[in-house]
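Remarks on the overall topology
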2 protein chains.
Amino acid sequence: MTDFGWTRDQFHLPMGMIYLDGNSLGPLPKATPARLERLLSEEWGEQLISGWNGCGWMEMPRRLGDRIGRLIGAEPGHVVVGDTLSIKVYQALAAALALVPGRHVILSDTGNFPSDLYMAEGLIKLLGAPYELRLADPLALEEAITEEVAVLLVTEVDYRTGRRHDMAALTRKAHRMGARVVWDLAHSAGALPVEVAAGAADFAVGCTYKYLNAGPGAPAFIYVAPRHADLAEPALSGWLGHEAPFAFDQSYRPGAGIERMRVGTPPVMQMAALEAALDVWDRVNMADLRRRSLDLTTLMMDLVEDQCPGLSLATPREEEARGSQVSFRFEHGYAAMQALIDQGVVGDFRAPDIMRFGVTPLYIGEEEIHEAVEILARILRGATWDQPKYQQRKRVT
Amino acid sequence: MTDFGWTRDQFHLPMGMIYLDGNSLGPLPKATPARLERLLSEEWGEQLISGWNGCGWMEMPRRLGDRIGRLIGAEPGHVVVGDTLSIKVYQALAAALALVPGRHVILSDTGNFPSDLYMAEGLIKLLGAPYELRLADPLALEEAITEEVAVLLVTEVDYRTGRRHDMAALTRKAHRMGARVVWDLAHSAGALPVEVAAGAADFAVGCTYKYLNAGPGAPAFIYVAPRHADLAEPALSGWLGHEAPFAFDQSYRPGAGIERMRVGTPPVMQMAALEAALDVWDRVNMADLRRRSLDLTTLMMDLVEDQCPGLSLATPREEEARGSQVSFRFEHGYAAMQALIDQGVVGDFRAPDIMRFGVTPLYIGEEEIHEAVEILARILRGATWDQPKYQQRKRVT
């Protein structure tokens, strides 16, 4: 059994703050500052250039990739860390397109995170006609997968509503139609058990600064299914994806398997922070996490339904159909969220009317959910506070 | 006058090590650990998601870009930091190509850093025929610039030999032929005064982990000339380059000027380290640096010529024709470099026979050059040491 008391104790959370925005940026693991201090003083400071081999920096993208791989159900050796999620989306899309010659449609849905769509637009502009980005309604996505589609680009959990796509079903349909699928796991990795291998995903990408708690600007990751790994064409063919980077050849030869998805020099400080963050994850069972996440999100839905008239649930009630966030539509959502934040309950707002709360069992429990909803209910009833700062909340409420 | 005694005191260098590899990875500035500690504990730890605005993280790529801009002679507001150098090469190349419709040749030289060539290859493969990467001999590059050339891609200072291209002359020739130029400043930024604006460069890119000392995996930068800034087509059209990233529109609209060269979430920890590193640079006059760099590199050439038979200079003697490194060809270069490193003199080796030494006046002076060459000379004379580790060198020599 995962010990969520232990996990909670691994994070630094500001006094008096109820942090329900771990789906945007996770909090600081207590072990991270010492890890960075060690990287700076003992590794970079003392080893300098020899740190690349001597301290294992060069291998970190693969080593960390494997640790993330466990959380998303990947085969060992098929995930690599680096760059940003947008870059990884581009790599996956370009490689997936090249696997389906003769087809020119990238299909996504209007609920996808905009940067995914923008990167697809940029790629398509470069490739020129007849390449095309087609968007379906999220609820009509499965029907929109036709034999014209080359690549399906889907974010499993919708960043606004928390609605979750059925990865296995969409992938099956896509494969039946001869298409390849790129899964964006930005709101899945660390939020729920993912099974990229069992679900037959072709490519998957994700970020590590949300549920994985690796800090602001933490690197992304990419998974390529073993059956594609040695065929995937790297559009961003940087030297660290070369078969022999330090041979300094004049022509590119892709490295073996997932190695070819590396591009340039990896961000060692951000990777060290990711390493510290993953130490916590190594002691988390994903099934336990999911059970607790569902209990907490259900509790929040129930409490809001009870105590917060005017808010309507934007997240599906059905357990299988949602991730680890709860979103509500509310006409005055922006103002209500500002008031909440002012009182130390940190969620966020997404236009036009979505109040969004990330529920992260590693450091959030029933008590916080109760207290957050109670404060929200008081705000809705018109309560005001003399002292706006959350630091004072504990004394006031 | 730049106080190089002061600058030297700003760096941590391991006891007994003579570090002549700052052209690969600069050493740790003493101020960096405290800056990172503050970022982690006070910013990320206490501000969490609100750090993006409250701590200025979102603006760092531009703010740091301007500080680098001073070192490379850029107009304020036209440099932005992010990603890796390979990614920035790709962005610059794609944007430059789009500015020259009807032409399909990217011209570079065989001395360019392989990753630049690889990224060009990847882009060309995506674009398909008739796009083409053409390589000239470095010394015949100017003549190879014809009216067929769309984009000239050049690294100013050769990573192996330290030979420096004439930026103004090559750019003039390229412009006369109707081509655009992308300058890679990997071995220029912080190594010598660069004048991208005065030299009429169209695009410039560079990294910050070499002469700028921002640490392993530090981010890259990109400069777009003001005349192109609002025309440049961003191939890697990520959300942070969007005109209004937080409007979450479904279609991409490029941000104003250099903003569109941003892609995904920037690496805040690496940027904080860059910020600390640039504090030193703010007190460096680039003309002073260049004078001192030339004096030190000349001294090294003279001493090696005198004391190290068998080594032949691979770097041009002429001051204008070289950067801030000195390279020698030597049949037994690999072994000699291993022996040097073993004795605490850290340079590096590039196949087939190049011994490479970075000379960085911020923390290297005459004494280190004398001592390094003396140890090299002893190695060449067949000296051996009982104690191989550099920590013991001070006692032995």
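On a predicted model such as this, the values are computed, not experimentally measured, just so you know. (Residues numbered from 1 in each chain as written. Chains lettered and ligands numbered in written order. Predicted model: local features only at pLDDT ≥ 70, side-chain atom pairs only at ≥ 80, totals over all residues. Heavy atoms only, no water.)

Description of the UniProt feature "binding site: pyridoxal 5'-phosphate" (unreviewed entry) in chain A
- What UniProt calls "binding site: pyridoxal 5'-phosphate" (unreviewed entry) maps, in this numbering, to Leu85(A), Ser86(A), Phe113(A), Pro114(A), Ser115(A), Asp116(A), Thr155(A), Asp184(A), His187(A), Tyr209(A), Trp239(A) and Thr265(A). The greatest C-alpha distance among the residues just named is 30.2 Å, and with 181 residues of sequence between them they are spread in space as well. Looking only at the residues we just named, the largest cavity is lined by Thr265(A).
- As for its position among the elements, Ser86(A) is in helix H5 (residues 85-98).
- Relative accessible area serves as the criterion here: at 6%, Ser86(A) is assigned to the buried category.
- If we ignore the near neighbours within four places in the chain, the residues touching Ser86(A) are Ser115(A), Met119(A), Gly238(B), Trp239(B), Val263(B) and Gly264(B).
- Topologically, Ser115(A) is positioned in helix H6 (residues 114-127). (UniProt positions renumbered as here; feature names shortened; annotations may be inferred. 1 Å grid on protein atoms, 1.4 Å probe; cavity = no way out; pocket = protein on both sides within 12 Å on 5 of 7 lines; lining within 4 Å. Helix = DSSP H or I, 4+ residues; strand = E, 2+ residues; numbered from the N terminus. Buried < 20%, exposed > 50% of the residue type's maximum accessible area, 1.4 Å probe, protein only. Contact = heavy atoms within 4.5 Å.)

Section: the relation of the copies chain B and chain A
- Superposing chain B onto chain A takes a rotation of 180° plus a shift of 0.0 Å along the axis, which leaves an RMSD of 0.0 Å. The superposition of one copy onto the other is thereby described by a two-fold rotation axis.
- Both copies contact each other with a shared surface, as 100% of the interface residues of chain B are interface residues in chain A too. (Least-squares fit on C-alpha atoms with pLDDT ≥ 70 in both.)

Comments concerning empty space enclosed by the protein
- Summed over the entire model, instances satisfying the criterion amount to three cavities of 30 Å³ or more.
- Asp83(A), Thr84(A), Asp83(B), Thr84(B) and Pro267(B) are, among the 35 residues lining the largest cavity, the residues nearest its centre.
- Mapped onto the lining of the largest cavity, the elements with two or more residues apiece are strand E4 (79-82) of chain A together with strand E4 (79-82) of chain B.
- Among the elements that take part in the lining of the largest cavity, E4(B) stands out by supplying three residues, more than any other.
- Taken together, the residues of the lining of the largest cavity break down into 17 nonpolar, 12 polar and six charged. (Points joined across faces, edges and corners; volume = space filled by probe spheres on them. Nonpolar A, V, L, I, M, F, W, Y, C, P; charged D, E, K, R; others polar.)

Topic: the interface of chain B and chain A
- Taken together, the contact pairs 75 residues of chain B with 75 residues of chain A.
- Overall, the association of chain B and chain A removes approximately 6,200 Å² of surface from exposure, summing both partners, and the carbon and sulfur fraction of that is 69%.
- When the buried area of chain B at its contact with chain A is split by residue, Trp44(B), Tyr118(B) and Gln250(B) rank highest and sum to 13% of it.
- There are two salt bridges connecting chain B and chain A.
- Inspection of the chain B/chain A interface yields 32 residue pairs in polar contact (both at pLDDT 80 or more).
- Elements represented by at least two residues in the side of chain B that touches chain A include exactly strand E3 (28-29), helix H2 (32-47), helix H5 (85-98), helix H6 (114-127) and helix H10 (268-281) of chain B.
- Among the elements that take part in the side of chain B that touches chain A, H6(B) stands out by supplying 11 residues, more than any other. (Buried area = accessible area lost by both parts, 1.4 Å probe. Salt bridge = Lys/Arg side-chain N within 4 Å of Asp/Glu carboxyl O. Polar contact = N/O pair within 3.5 Å; in protein donor to acceptor, adjacent residues only side chain to side chain.)

Quick word on the domain arrangement of chain A
All names here are of chain A.
- When cut into domains, chain A gives domain 1 (4-29 + 285-390) and domain 2 (56-282).
- A C-alpha centroid distance of 29 Å is found between domain 1 and domain 2.
- At the interface, 35 residues of domain 1 touch 23 residues of domain 2.
- A combined buried area of about 2,200 Å² lies between domain 1 and domain 2, and 62% of that area is made up of carbon and sulfur atoms.
- Taken together, domain 1 and domain 2 are joined by one salt bridge.
- Joining domain 1 to domain 2, the criterion identifies 11 residue pairs in polar contact (both at pLDDT 80 or more).
- Put simply, the parts of the chain that give the side of domain 1 that touches domain 2 at least two residues each are helix H1 (4-8), helix H11 (286-307), strand E12 (325-329) and strand E15 (354-358).
- Element by element, the count of residues in the side of domain 1 that touches domain 2 is highest for H11, at five residues.
- Here the residues of the side of domain 1 that touches domain 2 sort into 16 nonpolar, 13 polar and six charged. (Domains from an automatic or database assignment.)

Structural notes on the environment of Asn285(A)
Residue and element names in this part refer to chain A.
- Structurally, Asn-285 is set in the loop between helix H10 (268-281) and H11.
- Overall, Asn-285 belongs to the partly exposed group, its relative accessible area being 36%.
- Between the alpha carbons of Asn-285 and Ala-179 there is a distance of 33 Å; along the sequence they are 106 residues apart.

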